[in-house]
Structure formats: C-alpha cells, structure tokens
Protein chains: 2
Amino acid sequence: MAELQTQSLKICDQVWINVNLATFSNTAVDQYGSLRNYALGIKNGLVACITSMSSVTATQLPFNVIDGHNGWITPGLIDCHTHLVFGGHRAQEFELRLRGIPYQQLLHQGGGILATTRATRIRSQEQLIKSALPRIKALALEGTTCIEVKSGYGLNIEDEMKMLKVAQNLSNHYPIKIMSTLLIANTIPPEYAGRVDGYVDMICDELIPSVVSEKLASAIDINCDCTTFSRQQRQRLFETAAESGLMLKAHAEQYSCNGGASFASFYGAHSCDHLEYISEEGVEDMAKAKAIAVLLPGTHYFMQSKHCPPVELFRKHHIPMAIASDTNPGTSPLASIRLMMNMSCIFFRLTPAEALAGATINAAKALGIDSQYGSIAIGKTADLCLWEIDHPNELPYQLGHCPLKQRIIAGSIVDDYQ
Amino acid sequence: MAELQTQSLKICDQVWINVNLATFSNTAVDQYGSLRNYALGIKNGLVACITSMSSVTATQLPFNVIDGHNGWITPGLIDCHTHLVFGGHRAQEFELRLRGIPYQQLLHQGGGILATTRATRIRSQEQLIKSALPRIKALALEGTTCIEVKSGYGLNIEDEMKMLKVAQNLSNHYPIKIMSTLLIANTIPPEYAGRVDGYVDMICDELIPSVVSEKLASAIDINCDCTTFSRQQRQRLFETAAESGLMLKAHAEQYSCNGGASFASFYGAHSCDHLEYISEEGVEDMAKAKAIAVLLPGTHYFMQSKHCPPVELFRKHHIPMAIASDTNPGTSPLASIRLMMNMSCIFFRLTPAEALAGATINAAKALGIDSQYGSIAIGKTADLCLWEIDHPNELPYQLGHCPLKQRIIAGSIVDDYQ
C-alpha cells in the first residue's frame, strides 16, 4: 500500500503505530476497508501517511508516537440527523402514554411537539446550550466527532434563528463538529392556526432569507410528513428552499407512503430521512437524484413502527444508507449512535459493516461533507477514533461498555481514555 | 413522616439534604414511593433517618452534609439476571448471521453457546475477571449497585466452579455487590454428547454438592428451555436443587409454552425468568408459589422474539415483575440496565414506575434480598443513587446522557460525578 504514503511518517505531527484501520475508503479487502497492522500519520490536522507496519523502521518515526496495541482506528462517528437542541423534556408525557392516556388527549392538553415549542421558546440561548451539552457529550463519549443539529421547534423567525445559533455555538463549548440545518414545515405554531398560507409566506419570505443571510445553516430540511401542508404549499417551500442555495433534505414517508421522497428527489434533495413507507418507485426516484437514505432506527423503535425501511431496495438501487439517532424529546430521546448502529442491525438487518458505514462515510455523504470527512484517506480531515477491539464488527454488536480509547478531531486528541 | 425518623440527623455519618426520594417502600403517594423535599441520613452503612426538610434546622445537621439540589435519590439499581462472566465474544457470529448464514450452520461450525464454553474453559480466573470488569463498570456507571451473575458456560465441575469464583471475586475488584448463581442444564457439553443421564448424574452427584460445600452460590438456576433434557431428567435436577438449600430459579418458557414455569413453581422456584410464552395457568402456578417474574427485554429485542411476556396477567395475579439485562455474548450483549428499563416500557408497555421497581425492589425480591436491598427505608442497607433529574420517570425515558451524580454502596460514596 505504498501508494497511500504521500508524506513520510517522520514529518508527521503525530503517528499511531500498530493499528488496524477501518478506512471505509479502500474497500478492496472487505466492506470496512480494512488495513491490518498499519501506521497512520497526521499533519496539520489531515491524514498525511498510511503505511504498513512491515515497512516502518524506528528511525522513520517522529517524536509523537502512540502505540495502538493492535486496536482499530475508524473514522470519527457522524450522527447526521438530530434535533438535540430543545427545551424541557417529555418524560411525563411518556409516562402518561404508558399509563394508557391516548396521544390525542395529551395533544389536546398541550402535550406533544407544541409542548417542546413552548419550552424551547421561553429558554435563552445559554439555557438551551446547557441542556444540549449533556446530549452532545453522551454522543462524543461513544466516538462521535460530528453531529447535525436541526432547528424546528421555534416555529417563528426569532426562535428558529435562536436554535440555529445555539447549534452553531455548541462547538465552542465542546470539541465536536456541528452541522446546522434549518428544519421547516415541522408543524404549525398556534399563532398561525388556520393560516397555513400565511405561515408558508413567513417561512419563504422571511425565515429562509434571514437564515441564509446570517449563514446560520448549511442545509434546509422540509418535513414532508406533516399533513397540515397542502401539496401546493409544500411545492412552494421546496422551490424557495431549492433557490436558497442551501443543501436540501427531507423528512419523508415515516408514517405513510405519500410520495414525499419522490417529491423531495424531484427538487434535488441530498438526503431523504426515515423512509419506513417508501415505495420502490420512490426508491428509484431517490436513486436518480442520487439522494442518500437516512435510516432512523431509534424512532422506529420508540414509536414501535410496524414498517421497516426497504433496505433490500436501497441495496438493489445502490443508494447509500446512513443511520442517525434522530435525538429528540418526543420520538427518540436516545442520544446514542452505538445504540442506533445496533438497532439498525437488529431491526433493519443491516450488516455490521453497513451499520458502521452508515455512521461514517454514508453519514458524511448525507451531510455533503464526504470529500473531507467520514473515511480515512490521505488528505482528509483527521477526525478519528481509536478503539480497543478485535474487529470493528464489535461496535454494532455490543452495548454497555464503550471500548473507545481516543477521540481525535482535526488531528487533536480531544478525549483520551488510555 | 415523623415516624420514619428513628435516629436524629445529628448522629448520622452522612446526610443528604434537599433531595426527593423514590423509596419504593412507601407507596401511599404514588408508585415510586415519592417523598419530596426530604433529608436522608445514613449511619453504619444503613439508612438511619428520613425526614422532611420542613422539619430540619441547621443545628440538627452533622458535619458531613451533601446538598442534593432538589435531585432524586433512588435505591441503587439491581441487575438480577446476567451471564456476564464469559470468555471471548460472538461479534463474528453476529456478523455472519446478518450476512445470511443460518444459525444451524454456525452451530455446526462450532459457533453458538459451545463457542463461549470453549472460550470460557481455556481462560484463567484472572482473564475472566479482566474481561468481565468492563461490563461491571458499564452497569455501575448507570447506577447499578448489585448484580447477579450466573455460571453455565463451564459445563463441567472445574469450569463451573471457576466461573462462580470469578463472579464472587468481582466485588474485590470493583465496588459492587455480586450475587452468584449456579446455572445448570444450560446445554450439554460435547464430552457428554449422547450421555445425558451421565451428565445429570455429574450435576446432581458432584457439581451441586461441591458448589454448596464451597459456598460458591446463593442460588441455583435450572434452564427449563433446553430441550435436550427429558421431563424425568429435569425432575431429578429440580429435586436435587430443592434439597441443596440454595434458592431456586428457572429459565422458563422463552421459546415455547412448555409448562416450565409451572414445573419450576411446583418445586418452589423463587423466580421464573424470560416467560415470553407462559400461559395463564403457568402464571397462576407462579402466583401460588409466590414466584417473581423476571423479564428480559434485551434478549427479547436481540432475538427479535415475536411474543411478549403477559404483563397484564402478571398485574392481574399480583406477581412482582423484575427486569434484568441478561448480559451474555449470544442473545443479549447489552450491559445496560437503563436500556432494559427503556425497552421494558417500549416492548412490554411497563410504566416507568414499573420499570424502575423492576430494577430495584422487585429485582431484590427476585434475588431474595428485599428485606435489606431494593428500597429506601429505615434500617435497610444504604445502597443508593443520587440523580440530577426532575422526576424518576426520566430514567426509563431517555438514554445517552446518564444523570447519575453519586453511587452509594453500604453508605459509602463509591462514584461521585458532582
């Protein structure tokens, strides 16, 4: 593999020796892109050298050398779909539902998503950061180096922008890469009840332009499963979003086969997320649009969905599958990317290699950052994890103990559990 | 609640003030046994004083006072059914199954439980302790203060006793209470293939007496779901076990309605575990025998079982429901009692209060230690957790971030995340 060695180890800032690499870039050997018994060097935050240990001599090594003791280095994990900035929680609602109170009654009493909207609106940026950080830390403790965070609970200009500012600000409080996404059409706020057109006007004429002009988001996500919006209203939202220059994403077909993924694909959606009910026609439309399928097994589990996303169709049509936690207070209060990897294997029958690709390279694809993130290759950003495992298939297999040894962001060891 | 105050706070070794208590002993108010805005004092490792903050004055407090800041104290969590001492892991088998290799073929190639037996037999006590400790620590990080550990992979006298010695030894390496259980009839080891009677002889005439005489276990668990054993052979095992003086437990009706729970109840089983397929007649027999139902949602999940244990029948017949992780390499590599609480709500529709009772007081009942563990009451051992939560229903509701602040064993703060 000498062709991978574009810089000598000697000039690297940091070198790991005696490691195995799950590159997810060089998949000639296996689906993990395994390279066994290698050394990996980084320089200026980028992967600079990947070379077999058999070709490494002591004199070639720089000062900073870490012995990986035959552990594995993977790309840092990426959680590419979360709603982890929000006020309050809905544990009480969870309890009431399990005690038999119907969801409609809880909604009528002010529960459900609008309870989260109220709790989010009344909180300051500082309060929202404080409550989001434990969720960020939980994901980071499992090796997550990049998290997408959506808005969508503010439901007005001020609070949507507040949520996005909080999201962007999180990486100032914790060593993690954050990608922020404006989520629209999540539901109708009470002040626009019966005035859906007016709400769509507000989104298209004010919210999207403001978010674009203040650079608060790199993507825009349209919830195609919210039945409050008509086809025409959704069309207007997609047209405005497509013209905004932001990357387009969609919540689609979580609860019914309503053509949402085809609709989103028509407008060039970069990813369609959920997809429990998508038809083969929808999958074909996604394939034509080169959209990524983002699977959310936590929501599937927490809501006890009867349908699984059609994994065989995604395989057949060569659609990359990402997986994500969907962390949110109503349908997935489960801030664990390792649990999601496990659940994607158990519920959706992904292989462990597919689960790991789903939380690395395919998650990076879903966020449009795969040229620089999600795999291990020369020149890519050194967002990496070192694990004390025999094989990467252990990561989706077992839960409880986390075998993470080091979490590395842009070449810096930000967590060290050696 | 002055009647709870048998000793004054002043003479306590340690006092927590400004805490809410989920006692699981005083359930007049709610199913959690909630006492809000209390002080709790411990002396000589026992709960010595429980009193309302409204009656506490500064002069009454001893030197060691911790302000709980309106958090909650619960009993320490108890994982009452695990197989967490074993050699190796079965991640490769997990991967092969997800890649479509039938389980029977894997068994034929030496996979399955006998792979774990081989890996357990070749390992020393020290090696088994080293591999079990990360699982123990993972459970402890979530607030577990007591874990039951079963043998059952050794399948011969030497290795079964080795497993039990390892289990008992774990508490010398980590601050946790361990209850060890001899598990018999788990499967037939290869050296007894075709000689089941001889194997039963070995268990009854040699293994059980040796374990009893060396005091290696406090309970004996008979796997009634292993179809290799005839009714007569199982009968002999139960008779010998019942005469051993050890507490009797049973794996029953995980895969079929085969009367295992009735059989075990007839012999006075203290708990029946799994129970996905138990009939109402079986539930009635358990009720007569005052047996505890131990539910294992992790195995239910990992094996994608189609049946749920009949929770409504357990409620109807007033059978306490415990929940446990069943941590093992084949069917539940999930060392997380909080995940189990969540899964018991999601899959089995337990209420959060039932889930928490299942991992505290009812787990203590399943282990026969409820006179001293599993609830908060004067005179009971102070195995406790302090949580930064608004209400205990948050513990089964959300995963990822763990809000544990302190873990307390016999009055000593063994983990402090303040």
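Read on for a plain summary of the structure. (Residues numbered from 1 in each chain as written. Chains lettered and ligands numbered in written order. Predicted model: local features only at pLDDT ≥ 70, side-chain atom pairs only at ≥ 80, totals over all residues. Heavy atoms only, no water.)

### A short note on the sheet that holds strand β4 (residues 65–75) of chain B
Residue and element names in this part refer to chain B.
Then, in step 1: Strand order in this open sheet of 7 strands is β3-β2-β1-β4-β13-β14-β15, and the pairing throughout is mixed. Two strands in the sheet have a free side with no partner beyond their single neighbour: β3 (46–52) and β15 (412–416). Here the strands of the sheet are splayed against their neighbours by 35 degrees on average, with no regard to which way each runs. (Pairing = 2+ DSSP bridges. Helix = DSSP H or I, 4+ residues; strand = E, 2+ residues; numbered from the N terminus. Axes fitted to C-alpha atoms, helices over the stretch in contact; angles between N-to-C directions.)

### A short note on the relation of the copies chain B and chain A
Then, in step 1: Take chain B, turn it by 180 degrees, move it 0.0 Å along the axis, and it overlays chain A with an RMSD of 0.0 Å. The relationship between the two copies is best expressed as a two-fold rotation axis. Judged by C-alpha distance, B:Leu339 is the residue of chain B that lies nearest the rotation axis, at 4.6 Å. (Least-squares fit on C-alpha atoms with pLDDT ≥ 70 in both.)

### Description of the pattern of salt bridges
All names here are of chain B.
Then, in step 1: In this structure the tally under the stated criterion is 32 salt bridges over all chains.
Then, in step 2: As a salt-bridge pair, Arg121 and Asp159 come within 3.9 Å of each other at their nearest N and O atoms. Of this pair, Arg121 sits in helix α3 (residues 113–121) while Asp159 sits in helix α5 (residues 157–173), placing them 38 residues apart in sequence.
Then, in step 3: Its relative accessible area of 23% is what places Arg121 among the partly exposed residues.
Then, in step 4: In this structure, the salt-bridge partner of Glu191 is Arg121, at a minimum N-O distance of 2.7 Å. One end of the pair, Glu191, is in the loop between β7 (177–184) and α6 (196–213); the other, Arg121, is in helix α3, and 70 residues separate them in sequence. (Salt bridge = Lys/Arg side-chain N within 4 Å of Asp/Glu carboxyl O. Buried < 20%, exposed > 50% of the residue type's maximum accessible area, 1.4 Å probe, protein only.)

### Comments concerning the interface of chain B and chain A
Then, in step 1: With 39 residues of chain B at the contact, the number on the chain A side is 39 residues.
Then, in step 2: Between chain B and chain A, a total of about 3,400 Å² is buried, with carbon and sulfur atoms accounting for 64% of that surface.
Then, in step 3: Scanning the region where chain B abuts chain A turns up 0 salt bridges.
Then, in step 4: On inspection of chain B and its partner chain A, the count reaches 22 residue pairs in polar contact (both at pLDDT 80 or more).
Then, in step 5: Among the elements of the structure, α1 (91–98), α4 (125–141), α10 (297–302), α12 (337–348), α13 (352–358) and α15 (394–397) of chain B are those that each provide at least two residues to the side of chain B that touches chain A.
Then, in step 6: Residue contributions to the side of chain B that touches chain A peak at 6 residues, all from α12(B). (Contact = heavy atoms within 4.5 Å. Buried area = accessible area lost by both parts, 1.4 Å probe. Polar contact = N/O pair within 3.5 Å; in protein donor to acceptor, adjacent residues only side chain to side chain.)

### Focus on the packing of aromatic side chains
Residues and elements named next belong to chain A.
Then, in step 1: Scanning the model with the defined rule gives 24 aromatic pairs over all chains in all.
Then, in step 2: Both rings, one in Phe24 and one in Tyr32, keep their centres 6.2 Å apart while their planes meet at 65 degrees; by these two values the pair is edge-to-face.
Then, in step 3: Under the relative-accessibility criterion, Tyr32 is labelled buried at 3%.
Then, in step 4: For the pair Phe266 and Tyr267, a centre-to-centre distance of 5.1 Å together with 85 degrees between the ring planes defines the contact as edge-to-face.
Then, in step 5: The exposed category is assigned to Phe266, whose relative accessible area is 68%.
Then, in step 6: Over the aromatic face of Phe86 sits the side chain of Arg135, whose NZ or CZ is 3.7 Å from the ring centroid. (Phe/Tyr/Trp six-rings, centres within 6.5 Å; stacked < 30°, edge-to-face > 60°. Lys NZ or Arg CZ within 6 Å of the ring centre and 35° of its normal.)

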